[in-house]
Amino acid sequence: MSRRSPKNQDRRSGRHGTDQQVPAAGRTAAMGPAQDGPMRLQRFLARAGVASRRASEELIAAGRVLVNGQPVQKMGVKVDPDHDVVQVDGKVVTVSQEHVALMLHKPAGYVTTMSDPQGRACVADLVPAERFPGLYPVGRLDRDTTGLLLFVTDGGLGNQLLHPSHHVLKRYLAQVRGVPSRHQVHLLRTGVKLEDGMTAPAEVELLDCGPDATLSIGIREGRNRQVRRMCDAVGHECLALHRSSFGPLELGDLPEGEWRLLDEGELDLLRQVAGMEGGTAL
Ligand code: URA
């Protein structure tokens, strides 16, 4: 464990400050293989799913966190998940390094569920669910919606990404019947009345005006069939819907029906938008 390293230290260099050591208690059996090296205590607690970074700082300040048996109340202390033993309210907490996240390019015709009692084709058929136990979809896409569907094994991360307070932007391409007027596009942007209330401001652009139009629609809410219902509300039925991005993730050229694992950088970005890690450099 070490105190905060100089602010301008390059996190990627792998160098870490060492001016306040707490004797390491050795590796515990509960710890997974380390990948990240030393990290700030509040980040460790957030990664362990104990609390957000801010709430973790409060736990630390309140003296509820021990590192290698010693109370730590100052900010900036770093811990090595491979060697330090962290306790919160007397309980050992660990960072699981096993979590994975992946994106699937969902085709039409699959329901968003990991098992379907009715035996319909479901997204579980398309992802490596046995290889990654606990994998589940973050939110849902309608059966006929295509595009980016995110899966995680970390329930804390999944919940935070869906939490309304984080306003994670999801972008869709919506092909609609007919061509919405400027006023209708304005209504979609500012809010339309649905049976479950007004929609929050959305990012809407008219992209293509054939006999039918294509709209780019970015929403920060996640209500059931929201985009389709928004289009209906302005009188333009949604004929096809495709999600092109989820927060910082872009579907890119991933072929339909295929998945790919997210890398550590993408996972960090996701944790940032989920409020699980602050934007400040370590
Ligand atoms: N909005 C919808 O209407 N359907 C989806 O699948 C996703 C967002």
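Preceding this section is the structure that the text describes.
None of the values given here were measured: they were computed from a predicted structure. (Residues numbered from 1 in each chain as written. Predicted model: local features only at pLDDT ≥ 70, side-chain atom pairs only at ≥ 80, totals over all residues. Heavy atoms only, no water.)

## Structural notes on the sheet that holds strand S5 (residues 86–88)
In space, the four strands of this open sheet follow the order S3-S2-S5-S6, with antiparallel pairing throughout. The sheet is open, and its two edges are formed by strand S3 (70–71) and strand S6 (91–93), each paired on a single side. In this sheet, S6 lies alongside S5 in antiparallel orientation, the contact comprising three bridges. Note that in S6 the partner of Gln87 across the bridge is Val92. (Pairing = 2+ DSSP bridges. Helix = DSSP H or I, 4+ residues; strand = E, 2+ residues; numbered from the N terminus.)

## Digging into the site of the ligand
With respect to spatial proximity, the complete set of residues near the ligand consists of Leu141, Asp142, Thr145, Tyr172, Arg225, Gln226, Val227, Arg228 and Leu241. Asp142 places a polar side-chain atom, nitrogen or oxygen, 2.7 Å from a nitrogen atom of the ligand. Measuring from an oxygen atom of the ligand, one finds a backbone N or O atom of Arg225 at 3.2 Å. Sort the elements by how many residues they give to the shell around the ligand and helix H5 (residues 226–233) lands first, with three residues. (Near = heavy atom within 4 Å. Polar contact = N/O pair within 3.5 Å; in protein donor to acceptor, adjacent residues only side chain to side chain.)

## Looking at helix H4 (residues 182–190)
Taken together, the buried positions of H4 are Gln184, Val185 and Leu188. One side of H4 holds all its buried residues, which, seen down the axis, span an arc of 100°. Of the exposed residues in H4, the ones pointing more than 90 degrees away from its buried face are Arg182 and His183. Those residues of H4 that are buried lie in contact with strand S13 (203–209), strand S14 (213–219) and H5. Phi for Gly191, located one or two positions after H4, is positive at around 140°. (Buried < 20%, exposed > 50% of the residue type's maximum accessible area, 1.4 Å probe, protein only. Arc of directions from axis to C-beta. Contact = heavy atoms within 4.5 Å.)

## Observations concerning unusual backbone geometry
Backbone geometry at Asp89 places phi at a positive 50°, although glycine is not the residue there. Inspection of the secondary structure assignment puts Asp89 in the loop between S5 and S6. The exposure class assigned to Asp89 is partly exposed, which follows from its relative accessible area of 48%. Of note, the phi angle at His167 is positive, near 50°, even though the residue is not glycine. You can see His167 is positioned in the loop between helix H3 (155–162) and strand S10 (170–176). Accessibility expressed as a relative area gives 46% for His167, which makes it partly exposed.

## Comments concerning the nonpolar core
In terms of nonpolar packing, the biggest core is built from 30 residues, with Phe151, Ala174, Ile217, Val227 and Met230 touching the most fellow members. Listing elements by their share of this core, those giving two or more residues are strand S7 (101–106), strand S9 (146–152), S10, H4, S14, H5 and strand S15 (238–246). Broken down by element, the residue count for this core peaks at four residues, all from S14. In contact with Ala174, other than residues within four places in its own chain, are Ala213, Thr214, Leu215, Ile217, Val227, Cys231, Cys238, Ala240 and Leu241. Membership of the second largest hydrophobic core comes to 18 residues, among which are Val138, Phe246, Leu249 and Leu267. (Core = buried A, V, L, I, M, F, W, Y, C linked by side-chain atoms within 4.5 Å.)

As far as function goes, none of this settles anything; it's purely spatial.
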